[in-house]
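Summary of the model geometry
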Amino acid sequence: MFWVLVLLSFLIVLSGDGIVSEGASSRPQDINVGAIFSLGTLYGKVADIALKAAEDDVNSDPTFLRGSKLRIMMYDAKRNGFLSIMKALQFMETDSVAIIGPQTSIMAHVLSYLANELNVPMCSFTALDPSLSPLQFPFFVQTAPSDLFLMRAIAEMITYYGWSDVIALYNDDDNSRNGVTSLGDELEGRRCKISYKAVLPLDVVIKTPREIVEELVKIQGMESRVIIVNTFPKTGRMIFKEAKRLGMMGKGYVWIATTWMTSLLDSAKPSSLPKVAESLRGVLTLRIHTPESRKKRDFAARWKTLSNGSVGLNVYGLYAYDTVWIIARAVKRLLDSGANISFSSDSKLDHLKGGSLNLGALSMFDQGQQFLDYIVKTKMSGLSGPVQFLPDRSMVQPAYDIINLVGGGLKQIGYWSNHSGLSVISPELLFSKPSNRSSSNQHLDNVTWPGGGSVTPRGWVFPNNGRRLRIGVPNRASFKDFVSRVNGSSSQMDGYSINVFEAAIKLLSYPVPHEFILFGNGLKNPNYNDLVDNVTTGVFDAVVGDIAIVTKRTRIVDFTQPYIESGLVVVAPVTKLNDTPWAFLRPFTPPMWAVTAAFFLIVGSVIWILEHRINDEFRGPPRTQIVTILWFSFSTMFFSHRENTVSTLGRIVLLIWLFVVLIITSSYTASLTSILTVQQLNSPIKGVDTLISSSGRVGFQIGSYAENYMIDELNIARSRLVPLGSPKEYATALQNGTVAAIVDERPYVDLFLSEFCGFAIRGQEFTRSGWGFAFPRDSPLAVDMSTAILGLSETGKLQKIHDKWLSKSNCSNLNGSESDDDPEQLKLRSFWGLFLLCGIACFIALFIYFFKIVRDFCNHHKPEEEEATVPPPEVSRSKTLQTFLAYFDEKEAESNRRLKRKRNNDDLSLKSS
């Protein structure tokens with residue numbers, strides 16, 4: 001029995017061992033992950049240490065992968081693309097579930113095709129080329145923020161400091177080139193641009209600084225002083241060494257280095273950092289932002305032991321460590337789901353089997369798509385902060401530290417995040433708040449710029465190639481008060497526009513060497529559109545003169561602030577309007593005449609009513625009373641009325657009316673005096689509307705935009721237009737009837753009218769514009785010149801220049817603008833308040849008067865009404881009205897005497913009874 005039990009126990013143990021062995025067979029003992037880096041580079045050294053540390057940490061917990069081991073197979077590509085490809089093929093042959101790397105974007109583009117075909121995910125934290133799209137390369141995953149966000153941060157910094165042109169200095173590889181392309185796209189959306197791209201050989205190829213020096217010398221002779229360096233640590237060190245030797249690290253320059261510089265500095269020995277920072281003083285650089293955490297501090301403390309002091313920890317070491325954990329978590333989820341890790345041959349490679357390459361041995365990862373899904377759905381807290389992928393495969397919450405190199409080392413001046421832009425507040429505090437990208441919410445701390453200054457450089461200078469600015473000026477044949485040559489010189493210019501330009505130049509804080517170059521033959525005015533086009537083609541660096549700011553031109557050049565207002569007006573021959581026998585009627589408009597006459601009659605009638613019962617001068621036969629009303633009314637106009645007013649109400653009304661008459665007569669006298677002494681002009685052309693509707697011919701100045709405007713906007717037939725070249729031709733054409741009117745800009749017309757009489761502007765300006773100086777698009781000089789022109793205006797200097805050249809007249813009177821409405825005529829709306837006051841006074845006086853007279857009438861006739869027999873109602877009302885009218889017409893003294901006699905008779909009757 002005992003031996004039976006022992007045998008059963010042995011069988012159970014064997015059975016149990018068999019079960020464990022069977023369960024273990026579903027999980028591979030080693031899970032292979034390839035890694036391709038150049039271990040001789042800074043990124044390769046840091047990645048090698050971080051990946052091994054992460055591998056050890058994953059495998060140190062046997063429960064994490066439940067018996068399986070993560071095996072990272074590091075391969076040193078020695079910066080050789082061919083070796084990288086060969087090793088990637090070997091990894092595909094040895095059943096690797098993923099590949100960490102490659103280090104460069106060039107190889108990422110190539111190897112991603114292998115990954116797509118064999119379903120093996122590739123995870124890289126250094127190949128951050130924005131063009132590595134997940135749509136084209138679904139099995140390529142960037143485990144650090146794409147350089148697209150880096151370039152967006154740099155673009156917002158450039159906008160923040162007010163620069164418009166930058167120079168990009170980069171290696172001719174996919175990562176650097178495509179990053180600069182993304183920077184150009186970001187700048188274009190902010191009305192900035194990359195004015196020059198300085199391309200250097202590949203970082204692995206460049207051996208001597210010769211090519212770097214050649215590009216730096218070119219940059220020295222260019223306008224922009226904002227230089228973006230997007231390269232690798234080796235090339236970057238050479239660039240700044242040569243820039244310092246060439247004197248390009250001094251005042252006026254702006255250097256912005258991408259993340260390669262912070263990687264270099266973070267990995268340098270602490271003792272050498274102050275010396276390096278001093279040599280790079282004033283440079284701005286960026287570092288991928290990783291929030292502070294206990295994990296990060298603990299790993300940084302371990303790093304010295306892990307690296308044996310060979311290299312410092314930079315941010316890519318954190319992302320390397322997190323990348324291993326991303327893969328490990330995806331492996332765990334894949335195994336926990338019950339899936340087996342298996343590989344099979346690719347049917348597309350069957351015809352390639354055999355041969356020395358043995359490509360048919362390449363294996364396809366059967367669970368590759370599922371494994372990729374687990375990778376991109378990773379959500380964890382790593383050394384670099386929250387690790388999570390958005391639907392477009394970009395990292396969640398990308399942010400950067402903005403670093404300024406100063407004498408003592410690195411100074412952080414702020415942050416950039418895709419959530420809130422530039423800020424001095426840590427991004428973690430802003431992610432929980434609503435996004436605010438307004439310009440007022442963008443802030444950075446003070447910067448120490450190259451040369452040690454704290455004032456933000458303007459970011460550009462005049463090209464240092466010995467050439468002055470070429471300023472194009474129109475060689476006019478007429479209106480030379482604006483632009484003209486001095487004593488026939490081809491380079492010395494004078495005139496209103498030239499004086500404004502020279503005065504503005506003197507207000508700039510820097511010298512502007514320039515020379516004037518004439519455009520046109522001087523026999524006729526040049527075409528100003530062609531003149532402006534020469535700025536876009538590079539013939540001129542700017543154009544100065546009487547250049548109208550119109551829509552077509554603003555599309556191709558930038559204009560300064562207008563230094564004089566302009567606009568198209570119509571000028572036509574005029575005749576004097578005051579040479580007429582009815583000129584005395586013009587001071588008042590017809591409504592004013594009608595209301596004034598009506599009030600004369602109304603006031604006269606009111607005075608008559610108020611004075612009729614008590615004033616003998618307002619009594620008599622009806623005909624006499626009508627004449628009295630008319631005479632009294634109109635004689636008040638001259639204050640010559642002979643009738644006296646005795647009633648209080650009448651005197652009040654008359655006093656108010658005389659005040660109204662005083663105002664009206666004074667205004668009439670002043671207006672008539674102005675009409676008779678100031679020339680009033682008349683013309684059949686009232687303005688642009690009558691010009692359009694007429695069939696007369698219209699003159700315009702040769703070279704002016706007025707021709708195209710009348711054809712395109714006013715629909716005036718080209719056959720009606722007559723080109724004219726000078727003010728004398730203007731006068732001749734208008735006098736002999738060749739043209740009915742001329743359309744030109746206001747400054748030209750004002751100058752014409754100051755010399756030739758008998759013409760005037762008809763109507764108002766029908767366009768609004770101004771004159772300015774033209775510069776190439778996005779020229780910083782245009783902005784500074786606009787500020788200078790505003791300064792001239794505020795100090796009164798601009799007006800003094802205007803008065804010097806344009807304020808003159810040879811005519812005895814000014815040919816001003818005339819509108820359809822006569823400005824000298826007095827309108828009813830100017831006096832309605834007076835008429836209202838007078839009308840209210842008349843109404844109140846009549847109300848009081850009739851109230852009093854009705855009361856007296858009732859008192860006088862009450863006894864008779866009591867004694868009389870009651871008549872029919874109709875007869876009673878008619879008799880009462882007749883009695884009231886008789887009482888109203890009766891003199892007040894007679895009514896009082898009659899009432900007194902009646903009262904005496906009543907008293908006698910009472911005594912006799």
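Preceding block: the structure.
Right, let's walk through the structure included here. (Residues numbered from 1 in each chain as written. Predicted model: local features only at pLDDT ≥ 70, side-chain atom pairs only at ≥ 80, totals over all residues. Heavy atoms only, no water.)

1. Overview of helix 11 (residues 294–307)
What counts is decided by this rule: By definition, any uninterrupted DSSP run of H or I lasting at least four residues is a helix, any uninterrupted run of E lasting at least two residues is a strand, and each is numbered from the N terminus. To estimate the expected span of a helix, count its residues, drop one, and scale the result by 1.5 Å. One axis fitted to the seven residues ending at a residue, another fitted to the seven starting there: the angle between these axes is the bend at that residue. Each residue is assigned to one of three classes by its accessible area relative to the maximum for its type, calculated with a 1.4 Å probe on protein chains only: buried under 20%, partly exposed between the two thresholds, exposed over 50%.
Compared with the 20 Å implied by 1.5 Å per residue over 14 residues, the 20 Å span of helix 11 between its first and last C-alpha is a close match. Most pronounced at Ala301, the bend in helix 11 amounts to some 30 degrees. When we look at burial in helix 11, the residues that qualify are Lys296, Phe299, Trp303 and Ser307. Trailing helix 11 by a residue or two, Asn308 shows a phi angle of about 55 degrees, which is positive.

2. As for the pairing of strand 30 (residues 741–745)
Successive side chains on a regular strand alternate, one facing one side of the sheet and the next facing the other. Here is the rule we go by: DSSP-based pairing: two strands are paired if at least 2 bridges between them are found.
With 5 of its 5 residues buried, strand 30 lies for the most part within the structure. Sheet analysis places strand 25 (residues 568–573) next to strand 30, joined by 4 bridges and oriented antiparallel. Bridge pairing in strand 30 links Leu568 to Glu745. Strand direction decides the pairing type here: strand 28 (residues 698–701) and strand 30, joined by 2 bridges, are parallel. Counterpart to Val698 in the pairing with strand 30 is Ala741.

3. Some details on the layout of surface pockets
Selection rule: Cavities and pockets are found on a 1 Å grid laid over the protein atoms alone: a cavity is a set of points where a 1.4 Å probe fits but cannot escape, a pocket is an open set with protein on both sides within 12 Å along at least five of seven lines, and a lining residue has an atom within 4 Å of such a point. Grid points are joined across faces, edges and corners, and a volume is the space filled by probe spheres set on the points. Note that Gly is not counted as nonpolar here; it falls among the polar residues with everything else outside the nonpolar set of Ala, Val, Leu, Ile, Met, Phe, Trp, Tyr, Cys and Pro and the charged set of Asp, Glu, Lys and Arg.
Reported here for the second largest pocket is a volume of approximately 470 Å³. In terms of lining residues, the second largest pocket is bounded by 23 residues, among which Asp165, Glu223, Pro463, Asp541 and Pro776 are the most central. Contributions of two or more residues to the lining of the second largest pocket are made by strand 7 (193–200), strand 18 (469–474) and strand 33 (774–776). Here the element with the most residues in the lining of the second largest pocket is strand 7; it accounts for 3 residues. Of the residues assigned to the lining of the second largest pocket, the class counts are 11 nonpolar, 4 polar and 8 charged.

4. Comments concerning a nonpolar patch on the surface
Put simply, the rule is: Each patch groups residues whose relative accessible area exceeds 30% and which form no salt bridge, using 9 Å between like charges and 5 Å between nonpolar side chains of Val, Leu, Ile, Met, Phe, Trp and Tyr. The method behind every accessible area is Shrake-Rupley, applied with a 1.4 Å probe, and residues are considered shielded solely by the protein chains displayed. Should a side-chain nitrogen of Lys or Arg be within 4 Å of a carboxyl oxygen of Asp or Glu, the pair is scored as a salt bridge.
Taken together, the side chains of Trp832, Leu836, Ile840, Phe843, Ile844, Phe847 and Ile848 present a nonpolar region at the surface, about 760 Å² in accessible area. With respect to the secondary-structure elements, Phe843 resides in helix 27 (residues 832–867).

5. A word on empty space enclosed by the protein
Any empty space left between atoms is shown by rolling a water-sized probe over those atoms. Applying the stated criterion to the full structure yields 2 cavities of 30 Å³ or more. The calculated volume of the largest cavity comes to roughly 70 Å³. Taken together, Arg476, Tyr528, Asp546, Ala548, Arg553, Gln701, Ile702, Gly703, Ser704, Tyr705, Glu745 and Tyr748 make up the lining of the largest cavity. Its residues placed into classes, the lining of the largest cavity shows 5 nonpolar, 3 polar and 4 charged. Roughly 30 Å³ of volume is contained in the second largest cavity. In terms of lining, the second largest cavity is formed by Phe462, Pro463, Arg467, Arg468, Leu469 and Pro513. Of the residues belonging to the lining of the second largest cavity, the class tally is 4 nonpolar, no polar and 2 charged.

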